[in-house]
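So you can see what is in the structure, the chains are spelled out below.
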Amino acid sequence: MRKRIVAGNWKMNTDVAAGIKLASDLMQFLRDQPAPENVGVAIAPPFTHLTEINKVIDPAKICLAAQNCASEANGAYTGEVSVGMLKATGVMAVIIGHSERRAYFKEDHATLAKKVDLAIKNEMRPIFCCGEVLEERNAGIQNQVVEKQLKESLFHLDNEDFSRVIIAYEPVWAIGTGVVASPDQAQEIHKYIRSLVAARYGAGIAGELTILYGGSCKSSNAAEIFSKPDVDGGLIGGAALDAAEFHRIVLSF
Ligand code: PGA
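These figures come from a predicted structure and were not determined experimentally. (Residues numbered from 1 in each chain as written. Predicted model: local features only at pLDDT ≥ 70, side-chain atom pairs only at ≥ 80, totals over all residues. Heavy atoms only, no water.)

**Structural notes on empty space enclosed by the protein**
Overall, the coordinates contain 1 cavity of 30 Å³ or more when judged by the stated rule. Taken as a whole, the largest cavity holds about 40 Å³ of empty space. Every residue lining the largest cavity is listed: Gly97, His98, Ser99, Arg102, Cys129, Cys130, Gly131, Gln149, Glu170, Val172 and Ile175. Of all the secondary-structure elements, those providing two or more residues to the lining of the largest cavity are α4 (99-104) and β5 (125-130). For the lining of the largest cavity, the residue count by class is 4 nonpolar, 5 polar and 2 charged. (1 Å grid on protein atoms, 1.4 Å probe; cavity = no way out; pocket = protein on both sides within 12 Å on 5 of 7 lines; lining within 4 Å. Points joined across faces, edges and corners; volume = space filled by probe spheres on them. Helix = DSSP H or I, 4+ residues; strand = E, 2+ residues; numbered from the N terminus. Nonpolar A, V, L, I, M, F, W, Y, C, P; charged D, E, K, R; others polar.)

So, in C-alpha cells, the structure goes:
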C-alpha cells in the first residue's frame, strides 16, 4: 500500500520561538494520539528554524522538510540555501515548485528540474508541486498545464530516482483562498496525474506514488478529500500553523 502523508507548509510564518512551540505541541499531540498506520507527518518550517526544530522532534514521528532549495549545489549565490546545507540540519524532504515560488520568484520548469535533481542526488525526497491557475481551470486546460509541469521538471528522471518523488497537486485558485477543490475535482486530476506517471514509468511505480492535495485543506474537509482513491494526503498551509488543527487533519484518514 502506498504511503499516505500529511505535510505542513508553514510558509513565511512564525519566528524561531513560535516555530519550536508549534513543533513541540505537534509532537505532544502525536505522542498522545499517533498518526494512523501508514500515514507519515512532515513539517516544512522556514530555513532559520530547521536546526532548532530538529532538536525537538522525533524523526520517527515527524519528517523535517524544507520549503525550497537552491538550484545550484554551492558557490557564489548570495542568499541561497543549498540542498547539502539543508541535509546537514536534518531535512529529509523539500518542497519544490510551489506556485508561490513559480509566481513570485519566477521559477521556471528548467530551474525546478535542477532542484529536483539536486534533492535526489542528496537522498532527499522532493515534494513536487503542480497545479493550474483559475484562468486555466476556467478554460478547461488544467490537465495540459499539469502535464507540462510534470514533463518539463520530473519526467527526465529514471525509474529509480522517480520513485523518490512525492507529488502535490495544488490548484492555485484554492491556495489560501478558502475555496477548496471539490473531492471529485481533486480525484479527477489526481487520477490523471497517476495515469501520466503510469504511461511514463509503468503501473507499478504509478501505484506507489504518493499524490497529495493542497489548497485550503482543513480538518473540516480533509476526511472527504482523503477518502478519494487517488488522494494520498495533503499539503497544508494555513491550517498547519495550529498544532491541534493540523493534528486533526493527520487523524482524518
Ligand atoms: P493553504 O496552502 O492550505 O493555506 O491553502 C496550501 C499550500 O500552499 O501548500
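**Structural notes on the site of the ligand**
Lys11, His98, Glu170, Gly176 and Ser216 are the nearest of the 13 residues found near the ligand. One of the side-chain nitrogen or oxygen atoms of Lys11 is found 2.7 Å away from an oxygen atom of the ligand. A distance of 2.6 Å is found between an oxygen atom of the ligand and a backbone nitrogen or oxygen belonging to Gly176. When the ligand is considered free in solution it has 290 Å² of accessible area, and contact with the protein chains removes 95% of it. (Near = heavy atom within 4 Å. Polar contact = N/O pair within 3.5 Å; in protein donor to acceptor, adjacent residues only side chain to side chain. Areas by Shrake-Rupley, 256 points an atom, 1.4 Å probe, with all protein chains shown as cover.)

**A short note on the layout of surface pockets**
Looking at the largest pocket, its volume works out to about 470 Å³. Here the lining of the largest pocket gets 3 residues from one element, more than from any other, and that element is α4. Of all the secondary structure elements, the ones that give two or more residues to the lining of the second largest pocket are β1 (4-9), β2 (39-44), β3 (63-66) and β5. Looking at the lining of the second largest pocket element by element, the count peaks at 4 residues for β2. A breakdown of the residues in the lining of the second largest pocket according to their chemical character gives 16 nonpolar, 4 polar and 6 charged.

**So, the sheet that holds β3**
Here 8 strands make up a closed barrel; going around it, the order is β1-β2-β3-β4-β5-β6-β7-β8 and the pairing parallel. Ignoring which end each strand starts from, the neighbouring axes of this sheet average 25° apart. Summarising the sheet, β1 and strand β8 (residues 233-236) pair through 4 bridges and their orientation is parallel. From the neighbouring strand, Gly8 faces β8, where its bridge partner is Ile236. Here helix α9 (residues 183-201) sits on the sheet and contacts β5, β6 (166-169) and β7 (211-214); the angle it forms with β7, its principal contact strand, is near 145°. (Pairing = 2+ DSSP bridges. Axes fitted to C-alpha atoms, helices over the stretch in contact; angles between N-to-C directions. Contact = heavy atoms within 4.5 Å.)

**A few points about the packing of aromatic side chains**
Under the defined criterion, the tally for this structure stands at 5 aromatic pairs. Seen in terms of ring centroids, Tyr104 and Phe105 are 6.5 Å apart; in terms of plane orientation they differ by 75°. Their pairing is edge-to-face. Judged by centre distance (4.7 Å) and plane angle (20°), the rings of Phe226 and Phe253 are stacked. Note that Phe226 is positioned in helix α11 (residues 219-226) and Phe253 in the segment after α12 (243-250), a separation of 27 residues in sequence. Residue classification places Phe226 among the buried positions, given a relative accessible area of 2%. An aromatic cluster of three or more residues is present, and its members are Phe155, Phe162 and Tyr201. Residue placement shows Arg101 over the ring face of Phe105; its charged tip is 4.0 Å from the ring centre. Over the aromatic face of Tyr201 sits the side chain of Arg200, whose NZ or CZ is 4.2 Å from the ring centroid. (Phe/Tyr/Trp six-rings, centres within 6.5 Å; stacked < 30°, edge-to-face > 60°. Buried < 20%, exposed > 50% of the residue type's maximum accessible area, 1.4 Å probe, protein only. Lys NZ or Arg CZ within 6 Å of the ring centre and 35° of its normal.)

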